[in-house]
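Reading the structure
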Amino acid sequence: MELSQLVRREWPEPPPGHFAAPTIGLPTQSTLRALHTELEVWAGGDASAPGYDTAVERCRELYAKLVGVPGEWVAVGNQVSVWAGLVAAALPDGADVVVPAGDFSSVVYPFLVHADRGVRVRHVPLAELADAVRTETTLVAYSLAQSATGEVADADAVRDAATAAGALTMCDVTQAAGWLPVDASRFDITVCGGYKWLCHPRGTAFLTVRPERLDWLRPLYAGWYAGESRWDSIYGPEMQLASTAQRFDISPAWHCWVGAVPALELFTSVPPAEVYAHDSALADLLRKRVGADPTGSAIVTLPDPEGSAAEKLRAAGCAVSARAGNVRLGFHLWNTEADVDLAVAALQG
């Protein structure tokens, strides 16, 4: 099915001017139906805990496909900060961590809280991230697409610099996966929240870990879901953790994963390049019409220190965000040129 047909099927009547994908995505019709059906099953007393494993494993398989890694690399959880905290806890005392200045707090706070063990966090401009990697650097942690600006990092340059220095990379792809093609195999570790561009119910998150890094991370949140055979792992005293990234699994909020399956089926059914072309073209069209330079990012940020632009857009019915002195608009599959017209008229009104 062509992309345009899928969009009409899954978002037949999207709210005009909905530019809020960087904050919270719109559910697909298939997700809504899946959730409604499962709630009825639950209400009827027919839900079973093992039955939800099917949805979780389907999501693991689909997400792995979306980001180009084997399913054995993928762990399932609930929030990005949980995964980042796991990485931060694995750092040795006195580790040197480099992050982009102004990156999202879930990528930064988990490392800052280890200052008492001498972990140093250096904040540098995103464009200088690769150049800031030193021989003593332990980890480069950053978002592939910046939440506040939409700027996309030069992942190749960062990877090359980290490799040369013997440093690890942790990349948050939350603001990228779903509109920007992502290859998680390029990084030692990636983290991703599903409720934005992937249009999941809130409460789903993914971790990818290269096999050679499995033993570097300690599964601090290990519970029954992290077992090699989870339904044989529900009581102690013995522990048999999974040999794959499943050892980092966090017991899932079941209904979130039921709703996530159809969304991931949508995003893996079309080439990511087509989604990128659609989203970035609309974003650059808006930039052109308001006199800004094209960037190729689906996230548009315009200076708005007083908040007047955001106020105009909201008065016109647009869903936007105020971030770091800017007004932020995200263009996703449900957006059209009519949304660009609406935003431009509001901004110029």
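Let us look at the structure shown here. Residue numbers here run from 1 along each chain, matching the order of that chain's written sequence. At least 70 in pLDDT is required for a residue's local features to be given in this predicted model, at least 80 for side-chain atom pairs to be given and counted, and no such filter applies to totals for whole chains, interfaces and linings, which use all residues. Side-chain metrics in this entry use all non-hydrogen atoms of the structure; hydrogen atoms and water are not considered.

**Some remarks on helix α5 (residues 105–112)**
Residue burial is assigned from relative accessible area. The probe radius is 1.4 Å, only protein chains are included, and a residue is buried under 20% of its type maximum, exposed over 50%, and partly exposed in between. In this text, helices come from DSSP runs of H or I with a minimum length of four residues, and strands from runs of E with a minimum of two, each type numbered from the N-terminal end. Among the residues of α5, Ser106, Val107, Val108, Pro110 and Phe111 are the ones counted as buried. Those residues of α5 that are buried are in contact with α4 (80–90), β2 (96–100), β3 (120–124), β4 (137–143) and β5 (168–172). Contact definition: two residues touch when any of their heavy atoms are within 4.5 Å.

**Considerations on the packing of helix α3 (residues 53–67) against helix α7 (residues 254–267)**
In contact at an axis separation of 9 Å, α3 and α7 are set at 30 degrees when each is read in the N-to-C sense. By the angle class used here, α3 and α7 are roughly parallel. Handedness of the crossing formed by α3 with α7: left-handed. Each of Ala55, Val56, Arg58, Cys59, Leu62, Tyr63 and Leu66 in α3 lies in contact with α7, whose residues at this interface are Trp257, Val258, Ala260, Val261, Leu264, Glu265 and Phe267. Between N-to-C directions, angles span 0 to 180 degrees; the directions come from axes that are lines fitted to C-alpha atoms, helices contributing only their stretch in contact. We call two directions roughly parallel when the angle between them is under 35 degrees, roughly antiparallel when it is over 145, roughly perpendicular when it lies between 65 and 115, and oblique otherwise. Each crossing gets its hand from how the near helix is turned against the far one by less than a right angle, where anticlockwise is left-handed and clockwise is right-handed.

**A word on helix α9 (residues 308–315)**
A turn of α-helix holds 3.6 residues, and therefore any two residues three or four places apart point the same way. Along α9, the positions that sit buried rather than exposed are Ala309, Ala310 and Leu313. Buried residues of α9, seen end-on, are gathered within an arc of 100 degrees and therefore sit on one face of the element. When the buried face of α9 is taken as reference, the exposed residues oriented beyond 90 degrees from it are Glu311 and Ala315. Against β10 (326–330) and α10 (337–348) lie the buried residues of α9. Count one or two residues on from α9 and you reach Gly317, which has phi positive near 95 degrees. This arc corresponds to the set of directions leading from the helix axis out to the C-beta atoms.

**Comments concerning the pattern of salt bridges**
The term salt bridge refers to a side-chain nitrogen of Lys or Arg lying within 4 Å of a carboxyl oxygen of Asp or Glu. Tallied over the entire structure, the rule returns 20 salt bridges. Between Asp284 and Arg287 there is a salt bridge; the shortest N-O distance is 2.7 Å. Note that Asp284 and Arg287 are positioned in helix α8 (residues 272–289) at a spacing of three residues, about one turn of the helix. Through salt bridges that share partners, Asp53, Glu57, Arg60, Arg230 and Asp249 make up one connected network.

**Considering the pairing of strand β6 (residues 189–193)**
Regular strands have side chains that alternate between both faces of the sheet. Of all five residues making up β6, five are buried, and the element is well covered by its neighbours. A two-sided burial pattern is seen for β6, the buried positions comprising Ile189, Val191 and Gly193 on one face and Thr190 and Cys192 on the other. As defined by bridge partners, β5 adjoins β6 across three bridges and the pair is classed as parallel. Paired with Asp172 across the strands is Val191, a residue of β6. A pair of strands is labelled paired if DSSP reports no fewer than 2 bridges between them. Pairing of β6 with strand β7 (residues 205–209) involves five bridges; the strand directions are antiparallel. Across the sheet, the residue bridging to Thr190 is Thr208, located in β7.

**Section: the packing of aromatic side chains**
Whether two aromatic rings pair depends on their centres lying within 6.5 Å, for rings of Phe, Tyr and Trp, where Trp uses its six-membered ring; planes under 30 degrees apart make the pair stacked, over 60 edge-to-face, and the rest tilted. This structure, assessed with the given rule, holds ten aromatic pairs. Between the aromatic rings of Trp179 and Trp197, the centroid separation amounts to 6.0 Å while the plane-to-plane angle is 50 degrees, which identifies the pairing as tilted. Here the residue Trp179 occupies a position in the loop between β5 and β6, and Trp197 occupies one in the loop between β6 and β7, the gap between them amounting to 18 residues. Just as Trp179 is buried, Trp197 falls in that class too.

**Some words on the sheet that holds β5**
Strand order in the open sheet formed by seven strands is β1-β7-β6-β5-β4-β2-β3, and the pairing between neighbours is mixed. Looking along the sheet, the strands with just one partner apiece sit at the ends: β1 (74–77) and β3. In this sheet, neighbouring strand axes are inclined to one another by 20 degrees on average, regardless of whether the strands run parallel or antiparallel. Across the face of the sheet, α5 comes into contact with β2, β3, β4 and β5 while running at roughly 150 degrees to β4.

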